[in-house]
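Inside the fold
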Amino acid sequence: MRLIFRKMYRQQALSEEEYSNLMRYADELRSTSPESYLLFYERFAAILYRDYNTFVPRFAYGIDDFYDYLINRPDLINELKNNTLSIDAFPLCLHDYLVYTYPGGLDTSTILSHLEFMKFDNTSSLELPEPRQKALVYKYESANPYKETGLKSHFDRIGRYSFVSRLQSIRYLRGNKASEDKIELISGDCLGGIFTNKEKSIYYYIFLTEDNALKARNACRVLNLALYGSYVEV
């Protein structure tokens, strides 16, 4: 790995094999050595995002897991509104992220404003596809998750949401790259997305755990806000 690290520091382009080895190494660190993974994150996360459009989370469980957990627990949202919710109400795996993000305690106003953008401002609107009961399925071109730089980390991020059952890359956009990445509603059980790296734009499908138009719209809003920080009416 030293040669790969050296190339990263020198801003030299990695080959497909080197990039694949680096990301496998990061995945292994995240699951086996949190301290070493944090060091990796501090050294390379910004470079990977800048040069390879690859999102590397700071923690094994982060913002995506937090909102996925919260939007499936309307009782916790009511406690947030009453300012009675503490970090201890969340699973232990989220504590590192929450303590780092909210050192003075949960910022209820910020969290509730995000939920409002997602259209989850009251318990009656908390309708998302049911949590998956089977393992998430990934489908990549040539069965190679690292063939397109950054796509695996993008899929991993979406896959953290329990209402996603399958992710599948479909085709490349013809002509110029997309002007912006986004997720759109296709049907009651399927969303479509665009992912762009430095070379091309890739269209992909997000299959949901059930077929329901209202829940699919809500899932689309959640993902657009979480990934792109924008609210898209669908």
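Conventions used here
- Every chain is numbered independently, its residues counted from 1 as its sequence is written.
- Thresholds applied to this predicted model are a pLDDT of at least 70 for local features of residues and 80 or more for the giving and counting of side-chain atom pairs; totals over whole chains, interfaces and linings are not thresholded and use all residues.
- By convention in this description, side-chain values take in all heavy atoms of the structure and omit both hydrogens and water.
- Runs of H or I in DSSP of at least four residues are treated as helices and runs of E of at least two as strands, each being numbered from the N terminus.
- For this measure, only C-alpha atoms enter the radius of gyration; the expected value for a globule follows 2.2 Å times N^0.38, where N is the number of residues.
- Classification of residues uses two cut-offs on accessible area relative to the type maximum, computed with a 1.4 Å probe and protein chains only: under 20% is buried, over 50% is exposed, and between them is partly exposed.
- For this analysis, residues touch if any pair of their heavy atoms sits within 4.5 Å.
- Accessible surface is estimated by sampling points in the Shrake-Rupley manner with a 1.4 Å probe; for residues, cover comes only from the protein chains shown.
- Within this scheme the basic residues Lys and Arg register as positive and the acidic residues Asp and Glu register as negative, but His and the chain ends are omitted.
- In plain terms, the charge of a residue is placed at NZ if it is Lys, CZ if Arg, CG if Asp and CD if Glu.
- Any two strands with at least two DSSP-identified bridges between them are counted as paired.
- Axis lines are fitted to C-alpha atoms, over the contacting stretch for helices. Their N-to-C directions set the angle, which ranges from 0 to 180 degrees.
- A pair is scored as a salt bridge if a Lys or Arg side-chain nitrogen falls within 4 Å of a carboxyl oxygen belonging to Asp or Glu.
- Only protein atoms enter the 1 Å grid used here, on which a cavity is any set of points holding a 1.4 Å probe that cannot leave and a pocket is any open set flanked by protein within 12 Å on both sides along at least five of seven lines; residues with an atom within 4 Å of a point are listed as lining.
- Grid points are joined across faces, edges and corners, and a volume is the space filled by probe spheres set on the points.
- Polar here means any residue outside two lists: the nonpolar Ala, Val, Leu, Ile, Met, Phe, Trp, Tyr, Cys and Pro, and the charged Asp, Glu, Lys and Arg; Gly therefore counts as polar.

The next thing to look at is the overall build of the chain. A count of helical and extended segments in the chain gives nine helices and five strands. When the helices and strands of the chain are listed from N to C terminus, the series reads α-α-α-α-α-α-α-β-α-β-β-β-β-α. Its C-alpha atoms give the chain a radius of gyration of 18 Å, within 12% of the compact-globule value 17 Å for 234 residues. C-alpha extents for the chain along the principal axes are approximately 55 × 40 × 35 Å. Taken over 234 residues, the chain has a buried fraction of 44%. A separation threshold of at least 6 residues defines the contact pool for the chain, and within that pool the share at least 24 residues apart is 61%. In the form shown here, the chain has an accessible surface area of approximately 12,300 Å², with 48% of it arising from carbon and sulfur atoms. The distance from the centre of the 29 positive side-chain charges to the centre of the 31 negative ones in the chain is 7 Å.

Attention now moves to the sheet that holds strand S2 (residues 164-172). Taking strand neighbours across the sheet as the criterion, the five strands line up as S1-S2-S5-S4-S3 in an open arrangement whose pairing is mixed. Looking at which strands have only one partner, the edges of the open sheet turn out to be strand S1 (137-139) and strand S3 (183-187). Taking the axes of each pair of neighbouring strands and ignoring which way they run, one obtains an average angle of 20 degrees across the sheet. Sitting on the sheet, helix H8 (residues 151-159) touches S1, S2, strand S4 (190-196) and strand S5 (201-208), and the angle it makes with S2 is about 150 degrees. Relative to the sheet, helix H9 (residues 213-228) contacts S3, S4 and S5, its axis offset from that of S3 by approximately 165 degrees.

Counted by the stated rule, this structure contains 10 salt bridges. Among the salt bridges present, the one from Asp65 reaches Arg160, with a minimum N-O distance of 2.5 Å. Here Arg160 lies in the loop between H8 and S2 and Asp65 lies in helix H4 (residues 63-71), a separation of 95 residues in the sequence. Of the charged contacts in the structure, one is a salt bridge between Lys200 and Glu148, with a shortest N-O distance of 3.6 Å. Highlighted residues: Lys200 in the loop between S4 and S5 and Glu148 in the loop between S1 and H8, separated in sequence by 52 residues. Residue Lys200 is classed as partly exposed on the basis of its relative accessible area of 26%. The class for Glu148 is buried, based on a relative accessible area of 7%.

Over the atoms rolls a probe the size of a water molecule, and in doing so it shows where empty space is left. Taken as a whole, the largest pocket spans an internal volume of roughly 380 Å³. For the lining of the largest pocket, the secondary structure elements donating two or more residues are helix H2 (16-32), H4, helix H6 (95-101), helix H7 (108-117) and H8. Of the residues contributing to the lining of the largest pocket, the split by class is 12 nonpolar, five polar and nine charged. If you add up the space inside the second largest pocket, you get close to 310 Å³. Leu14, Asp51, Tyr52, Thr149 and Glu199 are the residues nearest the centre of the second largest pocket, which is lined by 16 residues in total. At the level of secondary structure, the elements contributing two or more residues to the lining of the second largest pocket comprise H2 and helix H3 (34-52). For the lining of the second largest pocket, the class distribution of residues is five nonpolar, five polar and six charged.

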